[in-house]
Structure formats: structure tokens, C-alpha cells
Amino acid sequence: MAPNLRLNAVAFISPQNHPILIRTFAKQDEHSIKYHYIAHTSLDVIEERVNAGGKAMDCYLGLLYAMEDVAVYGYITPLKVKIVIALALSDSVVKDVEVVMIFKALHMAYYSAISNPFLKLDASMDGVQDHSPYLLVGSSKWKTFRERVDEISRVLSLTSNAVSNP
Amino acid sequence: MATSSKQYKNVGEDLWKSRTEKINAELFTLTYGALVVQLIQDYEDYAEVNKQLEKMGYNIGTRLIEDFLAKSGIGRCADFREVGEVVSKIGFKTFLNITPSITHGIAPTQPSSKHDGAAATQASGSTFTLTLDENPLAEFVELPEEALQGGLWFSNVLCGVLRGALEMVQMQVQVDFISDVLRGDESTEIRVKLVKYLEEEVPVGDD
């Protein structure tokens, strides 16, 4: 396990570029709003990569960019839901395969949340392009999803701590 | 042939492995979830939804028992306790690939005076409780507030299945959910209570 894989933030963005969930874990940052900004800027980069990628698209988009103290990685699901994570910059090498694993875990958490049959129940039936579930971003229905994402982050910090402690 | 708990387990295991056709679990879960949600939208009353799920289960159970008996070749159960064992270790295993743990209730000793024969000595009022550690019907499900307050039993179809199946083998039972992890309880429990043994009924219209 690579040491020092500190997950600062996770953002899920819908195909229509609406935020689904933005979760920050770093306690030292007072302005967690900066992660909203990071998610926003990532969208442009992702769109570039996707357009450049053409037909053969891999889900994992790799390092999108780095700024200040974080490195931002992107992932796009087959249905165009974007997952963006911000890892704290560190001197150690971050293996691609680790990051892909994180994304897969997040993707599965998202899938489990989406599979809840009650998710659409309260969504407005106004015939809007079928993406109403995503609009209920702050609602209680996403609670378990938030917990799962928190759990992933917790496991990550646990394993990285275990390695870095001499 | 004395059948022990372990033998039941083996029969169930064997039936699941070799003689059951399987489908994708997620498809099954999503289908059932969509069904419940649709019922809620149609009836808008959670008690009614519970009833409908139970009715649907009843219809399924009356048919399922034929399949079960044909495949398993299990003979008549000696007492209600054995019924519980067979249901939990062979029935659930064959159809859902889960083995709920079973707790037998204490049967009140009240010999029925209406019927004669061996059936009378089986005390009606016997119960057993099935505790499901996992419920394939309810994977990924989170009940919304209104459903929790409205008293929805998400997997109520299972109660109907048990009632229908047991009725076809001459047992009238009352099956209810006692607790459900979806509602925040510690475990998911179904209680099956024997009401009475049914006599062979002459079909209506025969003279």
C-alpha cells in the first residue's frame, strides 16, 4: 500500500454536470468550498479528455491536473457520471493502480445507492429528461451513500497510516 | 429414516447446486424493488401494500410447493417442528440460497377436540421464528421516511409464500414479520404460527 494517500475530497457529478455529492475529508482546509471549485474546473479538463479520447474510452482518466497542494484525478462511468478525487500532494509516488482501485470502490458505492428502488419515488414527475434522481443531492436518501464514501476514505487513511508508521 | 438437521442442510445444498435454475441476483432484486415501488404508487397506503404483497406471495406459494415437493421428494413432516426445519434448511435454500436460522416456539398444549387422528395431538399454536441474516429481496434498499412511518414490510411477499405453500399441505398458518433491518431493527424475523391442520376438503360442486 502506498503511504500517504490522503484523500482530501471526492466529488460525484451527474451527466448534466450537476453535483451529486461533494465530500471533503481534510480537516486542515477551512475552505472546503475550494473543492467545489476544483470539481468545477475538473469538468472542463474531463470534457477535453473525453473528446480527445474518441471511441475507445477508458473509465479511468488519470491525473487531470495538480494545483496548490492537491492532485486531482478523474473517472467517468459508462453513463457519463463523473467522479473526481483530490489527493493530497506528497513526495511519494502514487501508483495508478491504487487510484483506480479507489475509483472502482467509489463507483460501486454509487451503484449501490442508485439501485435503491425508492430513489425516484419523491423525484418530480414532470417529465424532465429522467435525471430527476440526481437533483435531490442533499436529501436524506443519499445518507447511506455518504456513509459508504466516508468508509472508503476511512479505510484508505487507515491503510496508509499503517504503512507509514515505523 | 431419521432425518437430522445436517441431512436437511445437505439436501438443500444439493438441490440448490444441481436442480435449481438460476438467474442473476441483481435482476431479481431490482425487479422486486420496482414491483414494491409501483405498488406503493398505485395504492398509496402502506397497509394495503403489505396486504397486496402478501396476496401475491400466497399465489406464488400455492404453486411453488408443487415444484418444491417434486424436486425434493421430501415426505410428510412428523410435526410442526420438522416443518420449520424443512422450510428453513431446504425451502429457503432451494429458492433463495439463504438459510435462515430457526427458533422453535413453545407450543401450548391444547388438544383440538374437533378432529381426530394424529393431527389432533399436534398442538395448534406452535410457532417457529425464522431469522434471516441476509435478504436477497432487499439488497440496496433504503426505506424512505413515509414508508417507515406507514409500517411497510418490504419483503412481505415471503409471508404470503409461506402461507400459500403450507396451506397446500394442509396447514393453516399465520405468518408475520416481527422485525426488519430495513426498518432499523436488529434483525429480520418472520414468525410462522400454526392455526390448525386442515382436513381434506371435498371440492365444491361434487355430490
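Before reading on, note that the structure itself is shown above.
As a starting point, this report considers the structure included with it. Computed from a predicted structure; not experimentally measured.

Cut-offs and rules
- Residues numbered from 1 in each chain as written.
- Chains lettered and ligands numbered in written order.
- Predicted model: local features only at pLDDT ≥ 70, side-chain atom pairs only at ≥ 80, totals over all residues.
- Heavy atoms only, no water.
- Helix = DSSP H or I, 4+ residues; strand = E, 2+ residues; numbered from the N terminus.
- Buried < 20%, exposed > 50% of the residue type's maximum accessible area, 1.4 Å probe, protein only.
- Contact = heavy atoms within 4.5 Å.
- Areas by Shrake-Rupley, 256 points an atom, 1.4 Å probe, with all protein chains shown as cover.
- Polar contact = N/O pair within 3.5 Å; in protein donor to acceptor, adjacent residues only side chain to side chain.
- Pairing = 2+ DSSP bridges.
- Axes fitted to C-alpha atoms, helices over the stretch in contact; angles between N-to-C directions.
- Salt bridge = Lys/Arg side-chain N within 4 Å of Asp/Glu carboxyl O.
- Buried area = accessible area lost by both parts, 1.4 Å probe.
- Nonpolar A, V, L, I, M, F, W, Y, C, P; charged D, E, K, R; others polar.
- Expected span 1.5 Å × (residues − 1).
- Parallel < 35°, antiparallel > 145°, perpendicular 65-115°, else oblique.
- Left-handed = near helix turned anticlockwise from the far one by under 90°.

**Some words on the overall build of chain A**
Thinking step 1. Summing up its helical and strand segments, chain A has 4 helices and 5 strands in all.
Thinking step 2. When burial is assessed residue by residue, chain A has 44% of its 166 residues classed as buried.
Thinking step 3. Sequence-distant contacts in chain A: of pairs separated by 6 or more residues, those separated by 24 or more amount to 53%.
Thinking step 4. Entry remark: accessible area of chain A is about 8,900 Å², with carbon and sulfur atoms responsible for 58%.

**Observations regarding the side chain of Glu54 of chain B**
Residues and elements named next belong to chain B.
Thinking step 1. Among the secondary structure elements, Glu54 is positioned in helix 3 (residues 46-72).
Thinking step 2. One polar contact links Glu54 to Arg163, side chain to side chain, over a distance of 2.8 Å.
Thinking step 3. Setting aside residues no more than four positions away along its own chain, Glu54 makes contact with Asn156, Cys159, Gly160 and Arg163.

**Quick word on the sheet that holds strand 3 (residues 60-67) of chain A**
Strand pairing in a sheet is mediated by backbone hydrogen bonds. Such pairs are either parallel or antiparallel.
Residues and elements named next belong to chain A.
Thinking step 1. Read from one edge of the open sheet, 5 strands run 2-1-5-4-3, paired in antiparallel fashion. The open sheet is flanked by strand 2 (19-24) and strand 3, the only strands paired with a single partner. Going across the sheet, the axis of each strand differs from the next one's by a mean of 15 degrees, ignoring polarity.
Thinking step 2. Sheet topology note: the strand 1 (residues 7-13)/strand 2 ladder contains 5 bridges and is antiparallel. Within strand 2, the residue paired with Phe12 across the bridge is Leu21.
Thinking step 3. Each of strand 1, strand 2, strand 3, strand 4 (70-76) and strand 5 (82-88) is contacted by helix 1 (residues 33-53), which is oriented at about 130 degrees to strand 3, the strand it contacts most.
Thinking step 4. Sheet contacts for helix 2 (residues 96-114): strand 1, strand 2, strand 3, strand 4 and strand 5; angle to strand 5, the most-contacted strand, approximately 135 degrees.

**Concerning the pairing of strand 4 (residues 188-197) of chain B**
All names here are of chain B.
Thinking step 1. Here 6 bridges tie strand 2 (residues 127-132) to strand 4, and the two strands are oriented antiparallel to one another. Across the sheet, Phe128 pairs through a bridge with Val192, a residue of strand 4.
Thinking step 2. Where strand 3 (residues 171-179) and strand 4 come together, 8 bridges link them in antiparallel fashion. Looking at strand 4, one finds that Phe177 is bridged to Ile190.

**Remarks on the pattern of salt bridges**
Thinking step 1. Counted by the stated rule, this structure contains 10 salt bridges over all chains.
Thinking step 2. Of the charged contacts, one joins Glu151 of chain A and Arg154 of chain A as a salt bridge, the two residues approaching to 2.8 Å between their closest N and O atoms. Here Glu151 of chain A pairs with Arg154 of chain A, and both are found in helix 4 (residues 143-164), just 3 residues apart, close to one helical turn.
Thinking step 3. Overall, Glu151 of chain A belongs to the partly exposed group, its relative accessible area being 38%.
Thinking step 4. Here Arg191 of chain B makes a salt bridge to Asp176 of chain B, at a shortest N to O gap of 3.8 Å. With Arg191 of chain B in strand 4 and Asp176 of chain B in strand 3, this residue pair connects regions lying 15 residues apart in the sequence.
Thinking step 5. Owing to a relative accessible area of 33%, Arg191 of chain B belongs among the partly exposed residues under this scheme.
Thinking step 6. Salt bridges linked by common partners bring Glu13, Lys17 and Lys93 of chain B together as one network.

**So, the sheet that holds strand 2 of chain B**
Residue and element names in this part refer to chain B.
Thinking step 1. Spatially, the 4 strands line up as an open sheet ordered 1-2-4-3, and their pairing is antiparallel. At either end of the open sheet lies a strand with only one pairing partner, and these are strand 1 (101-104) and strand 3. Mean inter-strand twist for the sheet, computed between neighbouring axes without regard to direction, equals 25 degrees.
Thinking step 2. Lying over the sheet, helix 4 (residues 80-96) contacts strand 1, strand 2, strand 3 and strand 4, oriented at roughly 20 degrees with respect to strand 2.
Thinking step 3. Packed on one face of the sheet, helix 7 (residues 157-168) meets strand 2, strand 3 and strand 4 and runs near 165 degrees to strand 3.

**A closer look at the interface of chain B and chain A**
When the parts come together, some accessible area is lost, and that loss is often what is quoted as the size of the interface.
Thinking step 1. Across the contact, 16 residues belong to chain B and 11 residues belong to chain A.
Thinking step 2. Of the roughly 1,200 Å² buried at the junction of chain B and chain A (both faces included), carbon and sulfur atoms supply 64%.
Thinking step 3. When the area that chain B buries against chain A is broken down by residue, the three leading residues are Val37, Phe140 and Glu142 of chain B, summing to 50%.
Thinking step 4. On the surface where chain B and chain A come into contact, there are 0 salt bridges.
Thinking step 5. Linking chain B with chain A are 2 residue pairs in polar contact (both at pLDDT 80 or more), by the criterion used here.
Thinking step 6. Among the elements that line the side of chain B that touches chain A, the one with the most residues is helix 2 (residues 25-43) of chain B, at 8 residues.
Thinking step 7. By residue class, the composition of the side of chain B that touches chain A is 11 nonpolar, 2 polar and 3 charged.

**Considerations on helix 1 of chain A**
All names here are of chain A.
Thinking step 1. The end-to-end C-alpha distance of helix 1, which contains 21 residues, comes to 30 Å, matching closely the 30 Å that a straight helix rising 1.5 Å per residue would cover.
Thinking step 2. Residues Lys34, Tyr35, Ile38, Ala39, Ser42, Leu43, Val45 and Ile46 constitute the buried set of helix 1.
Thinking step 3. Where helix 1 is buried, its residues meet strand 1, strand 2, strand 3, strand 4 and strand 5.

**Structural notes on the packing of helix 1 (residues 5-18) of chain B against helix 4 of chain B**
All names here are of chain B.
Thinking step 1. As a packed pair, helix 1 and helix 4 sit with axes 7 Å apart at the nearest point and diverge in direction by 25 degrees. When the interaxial angle is binned, helix 1 and helix 4 end up roughly parallel. Handedness of the crossing formed by helix 1 with helix 4: right-handed. Seen from helix 1, the contacting residues are Ser5, Tyr8, Lys9, Val11, Gly12, Glu13, Leu15 and Trp16; seen from helix 4, they are Glu82, Glu85, Val86, Lys89, Ile90, Lys93 and Thr94.
Thinking step 2. For the contact of helix 1 with helix 4, the per-class residue count stands at 6 nonpolar, 3 polar and 6 charged.

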